[in-house]
Amino acid sequence: MTTIDPKMQIPQPQPLGRETLALDAGLVIDPRTRAIQPNISMSVNNMVTPGEGAFSADGVEDLTALPYMYARWTNPTVIELEQRVAALEEAEQAMCTASGVGAISATFLGLLKAGDHLIISDVCYAGAAELARGVLPDFGIEVSQVNLSDPDALAAAMRPNTKLVHCESPCNPLLRFTDLARISEIAHRGGALVSVDSTLATPVACRPLNFGCDLVIHSLTKFINGHGDAMGGAVAGSQSLIAKIRARSGVYLGSTLSAMNAWLILRGIDTLYPRMKTMSDSASQIARFLEDHPRVKRVLHPSLDSHPQVDLIARQMDLPGALISFETNDLAATEQRFADRLKVIHYAFSVGHQRSLLTLLDTDVMMKSTYKLQGEQLADYRAYAGDGLFRLSVGLETVDDLIRDLDQALRD
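Residues numbered from 1 in each chain as written. Predicted model: local features only at pLDDT ≥ 70, side-chain atom pairs only at ≥ 80, totals over all residues. Heavy atoms only, no water.

This part is about the packing of helix α2 (residues 76-88) against helix α9 (residues 259-269). Relative orientation of the contacting elements α2 and α9 amounts to 35 degrees, with a least axis distance of 8 Å. Classified by chirality, the crossing of α9 by α2 is left-handed. For the pair α2 and α9, contact is made by Thr77, Val78, Glu80, Leu81, Arg84, Val85 and Leu88 and by Ala259, Ala262, Trp263, Ile265, Leu266 and Ile269, respectively. Across the contact of α2 with α9, the residue classes break down as 10 nonpolar, 1 polar and 2 charged. (Axes fitted to C-alpha atoms, helices over the stretch in contact; angles between N-to-C directions. Helix = DSSP H or I, 4+ residues; strand = E, 2+ residues; numbered from the N terminus. Left-handed = near helix turned anticlockwise from the far one by under 90°. Contact = heavy atoms within 4.5 Å. Nonpolar A, V, L, I, M, F, W, Y, C, P; charged D, E, K, R; others polar.)

Rendered as structure tokens:
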């Protein structure tokens, strides 16, 4: 009988490339059918052996270590998606939620309590901004809106009870970046965690945990799903942090992602890398076209030398991304022309679709409804956005068709 020396070092396989991880991380081949595409486990209930399960999440260090029992806690299809997201973000674990704002609220309510202080970027996803400003104070959580593109502003805003710093890089709609390494250094020195909404970057362009951040958040609805047909969110980080968020928010606040949507997002994540590369290349070409157009006043895209943070972008981003923001000479008239004339691009909200989407984000409206900035913060916003920005989420259409469509809509 052959024996194996337990001290023998078994060679490890070469690390998989990131494109391969997008396809294969967490993939389970069905042992009965040998199906390659992930299965959907739609069952809410699973059989358990007496003594295996748990009736409460209290005291359970890691719910994912328990047998499948009830879908609100864990589900095989959702777990497979969580493993895929964690692998792409180089995180120990991820937790998936019913929406992107579900991932943000799970993080905030899973980690913060009355008396704690949250610092949030003064410009970020509207759902996060409105949740932080309008809801969290009702639970006794103190909130400060800070321009996190300025590390000195963060240092000045830190308090002894600051527990979490939440940023978005690049932020929507300004495409303004946060120096993640510097922000993490300042926050950690003050005893606070750092969460980053990286929805616009995706793990194709940036992996915030590598810059010292503690948690990375995604609206899976957007680029990661990429087909505009399934909502979802995710938060990824260390096993201990995700276990805490899952036990509090996943179990007790019911932020569970459905198995069907997890399966749809797994289908979308398969093509994340080629989609992002194609859309990013197209966006770079369109940004250069718009920058030279006589009706366009300003264009914001990370590929342009005119972006005010080109050095940070070079350090932090592997590719510039698929979102463009631009300002025109006459916003109201241009908005109507876009709505009436666009044939290929769709005049619609949201981002990350396989089809190109465009909408106007009027500065006055954004200030009244979402951000409510004043003074220096408002001036900084207007320095990027002027009276308003058209936000273009570039899809997978032929780039020349998109350029012609924009040109004919912009002209008299």
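Looking now at unusual backbone geometry. Note on backbone geometry: most residues besides glycine have negative phi, and most peptide bonds are trans. Along the chain, serine 169 connects to proline 170 via a cis peptide bond; the corresponding omega equals -5 degrees. Inspection of the secondary structure assignment puts proline 170 in the loop between β4 (162-168) and α6 (180-189). A cis amide bond links asparagine 172 to the next residue, proline 173, at an omega of 15 degrees. Here proline 173 shows up in the loop between β4 and α6. Non-glycine residue arginine 34 carries a positive phi angle of around 65 degrees. Position of arginine 34 among the secondary structure elements: in the loop between α1 (18-24) and α2.

Moving on to the UniProt feature "modified residue: N6-(pyridoxal phosphate)lysine" (unreviewed entry) in the protein. Here the UniProt-annotated "modified residue: N6-(pyridoxal phosphate)lysine" (unreviewed entry) positions come out as Lys222. Structurally, lysine 222 can be placed in the loop between β6 (215-219) and β7 (233-237). In this structure, lysine 222 is in contact with Thr199, Ser350, Val351 and Gly352, ignoring residues within four places of it in sequence. (UniProt positions renumbered as here; feature names shortened; annotations may be inferred.)

So, about the sheet that holds strand β3 (residues 142-146). If you trace the 7 strands from one edge of the open sheet to the other, you get β1-β7-β6-β5-β4-β2-β3, paired in mixed fashion. On the outer flanks of this sheet lie β1 (93-97) and β3, each paired with one strand and no other. Ignoring strand direction, the axes of neighbouring strands in this sheet form an average angle of 20 degrees. Here β6 runs beside β7; their pairing, made up of 5 bridges, is antiparallel. Bridge pairing links valine 216 to alanine 236 in β7. Sheet strands touched by α2: β1 and β7. Its angle to β1, the strand with the most contacts, is close to 125 degrees. (Pairing = 2+ DSSP bridges.)

Tallied over the full model, the rule gives 19 salt bridges. Two residues, arginine 182 and glutamate 185, come together in a salt bridge whose shortest N-O distance is 3.3 Å. With arginine 182 and glutamate 185 both in helix α6 and 3 residues apart, the pair spans about one turn of that helix. A salt bridge links aspartate 407 to arginine 411; the shortest N-O distance between them is 2.8 Å. One connected set of salt bridges, linked through shared partners, spans Arg18, Glu90, Arg207 and Asp318. (Salt bridge = Lys/Arg side-chain N within 4 Å of Asp/Glu carboxyl O.)

Pairs of aromatic rings are described using the distance from one ring centre to the other and the angle between the two planes. For the structure shown, the criterion picks out 4 aromatic pairs. Ring plane angle 85 degrees and centroid distance 5.0 Å describe the contact between phenylalanine 338 and phenylalanine 390, whose orientation is recorded as edge-to-face. Separated by 52 residues along the polypeptide, phenylalanine 338 in helix α12 (residues 331-341) and phenylalanine 390 in strand β12 (residues 388-393) bring together distant segments of the chain. Judged by its relative accessible area of 0%, phenylalanine 390 is buried. Ring pairing ties together the aromatic residues Phe326, Phe338 and Phe390, which thus form one cluster. The side chain of arginine 298 reaches across the aromatic face of tyrosine 384, ending 5.6 Å from its centre. (Phe/Tyr/Trp six-rings, centres within 6.5 Å; stacked < 30°, edge-to-face > 60°. Buried < 20%, exposed > 50% of the residue type's maximum accessible area, 1.4 Å probe, protein only. Lys NZ or Arg CZ within 6 Å of the ring centre and 35° of its normal.)

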